[in-house]
Amino acid sequence: MAYGPSKHRSRSQNETREPNLIPIMNLFIVIIPMLMTIMVAVHLAMIEITLPTEAAGGGGGDDPEEQLEEDLPKVITLALLPDRFEIMVEGIEDIITIPQLSAGTYDYFTLDESIARLKRNNENQGTIDLLPDPNVKFDTLLRSIDICKSNNFPNIKYLTSSTKYYKAK
Amino acid sequence: MNALSVKVNRAGGGKFQSRKRGNKTKDLNITSLIDILTILLVFMIKNISMDSAQKNAPEGMLLPTTITTNELIESGKAVYLKIYPDKILYGVESMEVGSLQDFLNKPEIRNSLLKLLLMEARSITSVGSKPCLLIQADKELPCRYITEFIKFSAQASFANIYFSSIHTDNKDEVLGL
């Protein structure tokens with residue numbers, strides 16, 4: 001003979017039992033500080049530079065080689081000077097000079113425009129030679145490298161020579 | 001008065017018994033707190049980076065900001081060189097080498113650093129990797145020191161040189177706008 005459900009049982013089934021959240025809270029209290037300690041707030045970037053190599057020996061005077069030299073990309077040199085930027089393109093007399101906006105404030109915007117224009121005119125060139133003055137700040141150096149790289153000049157050749165290109169004429 | 005009131009339990013031999021209502025402890029509702037913590041947890045798991053290179057931001061150094069970033073060359077292994085305005089730290093362990101003036105003027109400091117770099121380069125190449133130098137320098141540092149370090153690292157067979165910076169997606173920040 002089957003018995004009907006007791007009154008007590010039906011009453012306890014109707015009540016909604018709250019889940020025990022204490023273990024979850026304990027877990028969260030451990031996990032969240034742990035994640036906060038290992039979380040990266042600042043993302044670091046790496047900027048690659050290349051070192052100048054010994055110049056390859058020049059070719060002879062054969063016509064095909066001369067024609068090949070004409071197709072070679074022009075060397076672009078960016079000089080970081082204490083009061084201005086100077087850009088020299090191989091074979092062009094005029095030096096692009098970008099003076100500071102005010103004392104200690106470089107005109108990065110004009111530099112960006114000039115580098116972008118140079119890229120349009122020299123699409124096959126992917127390298128810029130960088131010649132920083134010893135007194136120029138590291139911040140200026142890295143911003144200039146960044147501007148060159150962002151304008152599709154991925155190779156930055158850091159010239160460690162102290163010889164100034166514009167005095168070599 | 002009500003909270004402290006007791007009733008006499010006649011059946012229990014006249015002992016006092018506190019009222020049942022006073023024994024009930026009200027449960028704290030922590031559901032909303034759990035909601036916030038769950039959102040926080042998901043956000044952190046999403047943003048977390050396990051890259052060890054990302055975590056090596058030098059303390060007390062102002063790094064320049066750049067938008068471009070390069071990856072380390074294939075099979076490259078980086079050696080850290082932290083250049084502060086007043087000191088030079090070498091390696092992940094941040095071993096102090098000396099000051100910048102010491103580096104420029106004292107040959108023994110240069111020789112010891114060169115030995116360290118050469119040893120590191122040899123140990124990296126012996127396992128088939130390529131030695132890379134990661135220079136972390138303060139943004140106010142003059143380039144003469146950077147140039148010296150680049151020349152110096154070239155002597156120690158470090159052909160791949162990287163500068164460390166803080167990455168941003170905002171080009172205006174780099175252009176100073």
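Predicted, not measured: the structure shown is a model, and the values here were computed from it. (Residues numbered from 1 in each chain as written. Chains lettered and ligands numbered in written order. Predicted model: local features only at pLDDT ≥ 70, side-chain atom pairs only at ≥ 80, totals over all residues. Heavy atoms only, no water.)

1. Topic: the overall build of chain A
Test applied: By the criteria applied, helices consist of DSSP H or I runs no shorter than four residues and strands consist of E runs no shorter than two, each listed in order from the N terminus. A 1.4 Å probe rolled over the protein chains alone gives each residue an accessible area, and that area as a share of the maximum for its type sets the label: buried under 20%, exposed over 50%, partly exposed in between. By definition, residues are in contact when any of their heavy atoms lie within 4.5 Å. Residue-level accessible areas treat just the shown protein chains as cover; the underlying method is Shrake-Rupley with a 1.4 Å probe.
Each helix and strand in chain A was counted, giving five helices and six strands. For chain A, with 169 residues in total, the buried portion stands at 37%. Counting only contacts in chain A whose residues sit at least 6 apart along the sequence, the fraction spanning at least 24 positions is 67%. Surface accessibility of chain A: about 10,700 Å² in total, with carbon and sulfur atoms responsible for 53%.

2. Things to note about the overall build of chain B
Within chain B one finds six helices and eight strands. Ordering the α and β elements of chain B from the N terminus gives β-β-α-α-β-β-β-β-α-α-β-α-β-α. Put simply, 66% of the contacts in chain B that link residues at least 6 apart link residues at least 24 apart.

3. Some thoughts on the interface of chain A and chain B
The condition is simple: Here the buried area means the combined drop in accessible surface, using a 1.4 Å probe, for two parts upon being joined, counting both sides. One speaks of a salt bridge when a side-chain nitrogen belonging to Lys or Arg is within 4 Å of a carboxyl oxygen belonging to Asp or Glu. In protein, a polar contact means a hydrogen-donor-capable atom and an acceptor-capable atom, both N or O and within 3.5 Å, with residues adjacent in sequence counting only if both atoms are side-chain atoms; elsewhere, any N or O pair within 3.5 Å suffices. Put simply, Ala, Val, Leu, Ile, Met, Phe, Trp, Tyr, Cys and Pro go in the nonpolar bin, Asp, Glu, Lys and Arg in the charged bin, and everything else, Gly too, in the polar bin.
Taken together, the contact pairs 43 residues of chain A with 60 residues of chain B. Approximately 4,800 Å² of surface area, both sides summed, lies buried where chain A meets chain B, with 69% of it carried by carbon and sulfur atoms. When the area that chain A buries against chain B is broken down by residue, the three leading residues are A:Leu44, A:Met46 and A:Phe138, summing to 18%. Between A:Lys137 and B:Glu140 there is a salt bridge, and its shortest N-O distance comes to 2.9 Å. Summed over the shared surface of chain A and chain B, the number is 20 residue pairs in polar contact (both at pLDDT 80 or more). Here the side of chain A that touches chain B gets ten residues from one element, more than from any other, and that element is helix 5 (residues 138–150) of chain A. Its residues placed into classes, the side of chain A that touches chain B shows 30 nonpolar, five polar and eight charged.

4. Some details on the environment of B:Ser153
Residues and elements named next belong to chain B. With respect to the element layout, Ser-153 can be found in helix 5 (residues 143–155). As for Ser-153 and Leu-118, which are separated by 35 residues in sequence, their C-alpha atoms are 8.9 Å apart. Contacts of Ser-153, omitting those with residues within four sequence positions, involve Leu-133, Phe-158 and Ile-161.

5. Structural notes on the pattern of salt bridges
Counted under the stated rule, the structure contains eight salt bridges over all chains. Between A:Glu86 and A:Arg84 there is a salt bridge, with its nearest N and O atoms 2.6 Å apart. With a closest N to O distance of 3.0 Å, B:Lys171 and A:Asp112 form a salt bridge. Placement of the pair is B:Lys171 in helix 6 (residues 171–175) and A:Asp112 in helix 4 (residues 108–121), with the two residues belonging to separate chains. The class for A:Asp112 is buried, based on a relative accessible area of 11%. A single network of salt bridges, built from pairs that share partners, joins A:Asp83, A:Arg84 and A:Glu86.

6. Some words on unusual backbone geometry
Residues and elements named next belong to chain B. Unusually for a residue other than glycine, Ser-94 sits at a positive phi of about 55°. In this fold, Ser-94 is placed in the loop between strand 5 (88–90) and strand 6 (95–98). Notably, Ser-157 is not glycine yet its phi reads approximately 65°, a positive angle. Looking at the secondary structure, you find Ser-157 in the loop between helix 5 and strand 8 (160–167). The class for Ser-157 is partly exposed, based on a relative accessible area of 48%.

7. Regarding the pairing of strand 4 (residues 76–83) of chain B
Residue and element names in this part refer to chain B. This is how it is decided: Only strands that DSSP links by at least two bridges are regarded as paired with each other.
Both strand 4 and strand 7 (residues 130–137) contribute to a ladder of eight bridges, which runs parallel. When the bridges of strand 7 are listed, Tyr-80 appears paired with Leu-134. Note: strand 4 against strand 5, three bridges, orientation antiparallel. When the bridges of strand 5 are listed, Leu-81 appears paired with Tyr-90. Once strand 4 ends, the chain turns through four residues before running back antiparallel as strand 5.

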